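A structural walkthrough
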Amino acid sequence: LQQIGLFPVRGNHDKGYDDYWKNYPPKININSNGNWPKYYSFDYKQNHFVIIDGTGSNIGDEQLKWLTQDLESAKAHKDQGSIQNIFIFAHEQLVGLCEEKAVCGGTLNPTKKIVELFQKNGVTIYFHGHQHFYAKVNYLGINIVSDGYLADYSYTLLSSERQPKTFVVADV
């Protein structure tokens, strides 16, 4: 594990653990304008990583302002060639992927603003958890990966049966 970077992404069960994570800061330079461990970003090997606070479906005004500035800066670096990819990690899904009758949580809000922000700034992939299934989709030009689950249950995806336990590794 000493060779692998671990970066927490807060979810709906993680409220109240900020003091814990503050005792274990990452061993990489976090962009100072974030709010570790709630939301933050960093660059690694010509890739820009953005972690969004997903403890609830709504992104507050402060975080949305930070996200806008961060992605605009990353896009400028991408246009100059110093950044190749922009990866976003959050707990909540960007768009609904579950069957109509399945209860699998909400979407990140304000969805329309966030989708437009991702499109405008060339986000490469949006990774999310919470839904307890693995899926890869493209929504309005945004690649989305639902990263699976390790819990005791899974939800049913729109087009498939229940799936085995999974997780995603981003190797850059």
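Below or above, wherever it landed, is the structure these notes cover. The numbers attached to residues start from 1 for each chain and follow its sequence in the written order. Since the coordinates come from a predicted model, pLDDT governs what is reported: local features require at least 70, and pairs of side-chain atoms require 80 or more to be given and counted, while whole-chain, interface and lining totals use all residues. Just so you know, side-chain values use all the structure's heavy atoms and leave hydrogens and water out.

Looking now at the overall build of the protein chain. To qualify as a helix, a DSSP run of H or I must reach at least 4 residues; to qualify as a strand, a run of E must reach at least 2; elements of each kind are numbered from the N terminus. Scanning the protein chain for helices and strands turns up 3 helices and 6 strands. Sequence-ordered secondary structure for the protein chain, helices as α and strands as β, is α-β-β-α-β-α-β-β-β. Buried residues in the protein chain amount to 42% of all 172 residues. We call two residues contacting when some pair of their heavy atoms lies within 4.5 Å. Of the contacts made within the protein chain by residues no fewer than 6 positions apart, 55% connect residues no fewer than 24 positions apart. Every accessible area reported is derived by Shrake-Rupley at a probe size of 1.4 Å, with residue values counting cover from the shown protein chains alone. Of the accessible surface of the protein chain, which amounts to about 10000 Å², a share of 49% is contributed by carbon and sulfur atoms. Each residue is assigned to one of three classes by its accessible area relative to the maximum for its type, calculated with a 1.4 Å probe on protein chains only: buried under 20%, partly exposed between the two thresholds, exposed over 50%.

So, on to the sheet that holds strand β5 (residues 134-139). In sheet architecture, strand pairing relies on hydrogen bonds along the backbone and comes in two forms, parallel and antiparallel. Taken in spatial order, the 6 strands make up an open sheet running β1-β2-β3-β4-β6-β5, and their pairing is mixed. Looking at the sheet topology across the chains shown, the edges are occupied by β1 (40-44) and β5. If you compare each strand with its neighbour and ignore which way they point, the axes differ by 20° on average. Strand pairing requires that DSSP identify at least two bridges connecting the strands. The sheet contact formed by β1 and strand β2 (residues 47-51) spans 5 bridges and is antiparallel. Within the sheet, the bridge partner assigned to Tyr44 lies in β2 and is Asn47. Helix-sheet contacts for helix α2 (residues 61-80) involve β1, β2 and β3 (85-90), and the interaxial angle to β2 is about 170°. Taken strand by strand, helix α3 (residues 111-120) contacts β3, β4 (125-128), β5 and β6 (142-147), and its axis lies near 115° from that of β6. For helices, the axis comes from a line fit to the C-alpha atoms of the stretch in contact; other axes are also lines fit to C-alpha atoms, and the angle between any two N-to-C directions lies between 0 and 180 degrees.

Moving on, we get to the pattern of salt bridges. Salt bridge, as used here: a side-chain nitrogen of Lys or Arg that lies within 4 Å of a carboxyl oxygen of Asp or Glu. Evaluated as defined, the whole model comprises 3 salt bridges. With a closest N to O distance of 3.0 Å, Arg10 and Asp53 form a salt bridge. Linking Arg10 in the segment before α1 (18-22) with Asp53 in the loop between β2 and α2, this pair joins segments that are 43 residues apart in sequence. The exposure classification of Arg10 matches that of Asp53, with both residues buried.

As used here, the term nonpolar core means buried Ala, Val, Leu, Ile, Met, Phe, Trp, Tyr and Cys residues forming a set that is joined through side-chain atoms within 4.5 Å. Counting residues in each nonpolar core, the largest one holds 24 residues, and the members touching the most others are Ile52, Leu67, Leu71, Ile88, Leu94, Phe118 and Tyr126. Residues within four places of Leu67 in sequence aside, it is in contact with Val50, Ile52, Leu117 and Phe118. Of all hydrophobic cores here, the second largest spans 10 residues; its members include Trp36, Phe49, Ile51 and Phe87.

Let's shift gears to unusual backbone geometry. Even without being a glycine, Lys45 presents a positive backbone phi close to 50°. With a relative accessible area of 53%, Lys45 lands in the exposed category. One non-glycine residue, Leu140, adopts positive backbone phi at about 50°. In this structure, Leu140 sits in the loop between β5 and β6. Look at Leu140 and you get exposed, because its relative accessible area is 54%.

Read these as geometric descriptors, not functional statements.
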